[in-house]
Amino acid sequence: MGMNDAQRREIDEAIVAGNRALTALNKTEKCLDIASVYGLWDIFGGGMFSSMMKHSKIGAAQKCLEEAQSELRAFSRELEDVQFYSEISVKFDGVTEFIDIFCDNIFADVWFRTRSNSRSGK
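Owing to the predicted nature of the structure, the values given are computational and were not obtained by experimental measurement.

### Some thoughts on the overall build of the protein chain
Phase 1: Secondary structure assignment for the protein chain yields 4 helices and 0 strands.
Phase 2: In the protein chain, the succession of helices and strands from N to C terminus is α-α-α-α.
Phase 3: Residue burial in the protein chain is summarised as follows: out of 122 residues, 19% are buried.
Phase 4: A separation of at least 24 residues holds for 62% of the contacts in the protein chain among residues at least 6 apart in sequence.

### Examining the confidence of the model for the protein chain
Phase 1: Confidence along the protein chain averages 77 in pLDDT terms, with 66% of residues attaining 70 or more.
Phase 2: Highest mean pLDDT in the protein chain belongs to helix α1 (residues 5–43) (90); lowest belongs to helix α3 (residues 94–102) (53).

### A few points about the side chain of E78
Phase 1: Within the secondary structure layout, E78 lies in helix α2 (residues 47–83).
Phase 2: Buried E78, no salt bridge; nearest opposite-charge side chain is R77, N-O distance 6.3 Å.
Phase 3: Beyond its immediate stretch of four places on either side in the chain, E78 contacts E10, E13, A14 and A17.

### Description of α2
Phase 1: A rise of 1.5 Å per residue sets the reference length of α2, with its 37 residues, at 54 Å; its end C-alpha atoms lie 53 Å apart and thus fit the reference within 8%.
Phase 2: The inward-facing, buried residues of α2 contact α1.

### Side note on α1
Phase 1: Over its 39 residues, α1 extends 56 Å from the first C-alpha to the last, a length consistent with the 57 Å expected when each residue adds 1.5 Å.
Phase 2: The set of residues buried in α1 consists of Q7, E10, A14, A17, G18, A21, A24, T28, C31, A35, G39 and D42.
Phase 3: Packing partners of the buried residues in α1 comprise α2.
Phase 4: Sitting at the amino-terminal end of α1 is N4, which places a side-chain oxygen 3.0 Å from the backbone nitrogen of A6.
Phase 5: Just downstream of α1 lies G45, where phi reads positive at about 90°.

Parameters at a glance
- Residues numbered from 1 in each chain as written.
- Predicted model: local features only at pLDDT ≥ 70, side-chain atom pairs only at ≥ 80, totals over all residues.
- Heavy atoms only, no water.
- Helix = DSSP H or I, 4+ residues; strand = E, 2+ residues; numbered from the N terminus.
- Buried < 20%, exposed > 50% of the residue type's maximum accessible area, 1.4 Å probe, protein only.
- Contact = heavy atoms within 4.5 Å.
- pLDDT = per-residue confidence, 0-100.
- Lys, Arg positive; Asp, Glu negative; His and termini not counted.
- Salt bridge = Lys/Arg side-chain N within 4 Å of Asp/Glu carboxyl O.
- Expected span 1.5 Å × (residues − 1).
- Polar contact = N/O pair within 3.5 Å; in protein donor to acceptor, adjacent residues only side chain to side chain.

Below is the structure:
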């Protein structure tokens, strides 16, 4: 049983949402790194200017984090849509396993692959 267009679209939407979440998380990491640098500068005597910059960068990092949380929520919703289609299982009977393991040759491998593809809907 193959995947229909609606299932493929849901999976594609989840991939896009996952990539957006990953991008937002990477941006958040950079924002936090920058805030950390200004925090160190402030600790080691940067004065009032460094304190203002630190708080500015912390605010920017907070916005990055909020964006990442929003993208992660969207990704989670898309994964819920995909979860319906992701109940995939691979099961082979004992005969199939026995033939593949103990009669390991090209003919058994081709037969095993054919059975695998027929069960996965290919």
